[in-house]
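Structure at a glance
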Amino acid sequence: MNDDPRPLAVFDLDGTLADTAHRQHFLEGAKRDWNGFFAAAPDDPPLAEGVALALGSAEECEVVYLTGRPERCRRDTVEWLSRQGLPEGQLFMRRDDDRRPARRTKLDILRRLSRSSEVRMLVDDDELVCDAAELAGFTVVRARWADPSEALKAAQERDGRT
């Protein structure tokens, strides 16, 4: 049960709060370097629009983070969120061995969250995640403030890695 009675504002990280452009090269080509991709995440610049929305949402909502990053990246991710001055909140990550598409893993977690709290909105840049969440009845804010990356899109859907 949620101790905070406020509704939840659920935020994705990559492409929503974190600018991953500097590490996209790790996903290009036939041989993707996942270790390099995730190792570079602590150097992600923040996306001003996403950060502002998270800070504003914290006035009325409990902020929760929902990422396709694997669990092994938890420490780096928590430290990055803190360095950006983002609100404290629960962080839901993909199990290290979970290769399901992001739209499935994230929808499963959203449904679980909605059993004990009102999910006011999901903020995500992945169109397939957004489509699935809207179809399931969730309010979605599509994060379209970062340059889209075909390599990241393929990683989210086909490889089940982020």
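Okay, the side chain of Arg23 next. Considering the arrangement of structural elements, one finds Arg23 in the loop between β1 (8-11) and α1 (34-39). Looking at Arg23, its side chain comes within polar contact range of the side chain of Asp44, at 2.7 Å. Beyond its immediate chain neighbours, meaning those up to four positions away, Arg23 contacts Asp14, Phe37, Phe38, Ala40, Ala41, Asp44 and Arg69.

Let us now look at the pattern of salt bridges. Evaluation of the coordinates by the stated rule reveals 16 salt bridges. Two residues, Asp44 and Arg23, come together in a salt bridge whose shortest N-O distance is 2.7 Å. On the criterion of sequence distance, the pair formed by Asp44 in the loop between α1 and α2 (48-57) and Arg23 in the loop between β1 and α1 is long-range, its members being 21 residues apart. Given the relative accessible area of 3%, Asp44 is considered buried.

One open sheet accounts for five strands, arranged β3-β2-β1-β4-β5; its pairing is parallel. What marks the edges here is a single partner per strand, and that holds for β3 (91-94) and β5 (140-142). Strand after strand, the sheet turns through a mean of 20° between neighbouring axes, direction not considered. By the bridge criterion, three bridges tie strand β2 (residues 62-70) to β3 in an arrangement that is parallel. By the bridge assignment for β3, Pro70 is matched with Arg94. Helix α3 (residues 74-83) rests against β2 and β3 of the sheet, and its axis sits at about 145° to β3. The strands that helix α4 (residues 102-114) touches are β1, β2, β3 and β4 (119-124); relative to β2, the one it contacts most, it runs at about 150°.

Reading the values: the criteria
Residues numbered from 1 in each chain as written. Predicted model: local features only at pLDDT ≥ 70, side-chain atom pairs only at ≥ 80, totals over all residues. Heavy atoms only, no water. Helix = DSSP H or I, 4+ residues; strand = E, 2+ residues; numbered from the N terminus. Polar contact = N/O pair within 3.5 Å; in protein donor to acceptor, adjacent residues only side chain to side chain. Contact = heavy atoms within 4.5 Å. Salt bridge = Lys/Arg side-chain N within 4 Å of Asp/Glu carboxyl O. Buried < 20%, exposed > 50% of the residue type's maximum accessible area, 1.4 Å probe, protein only. Pairing = 2+ DSSP bridges. Axes fitted to C-alpha atoms, helices over the stretch in contact; angles between N-to-C directions.

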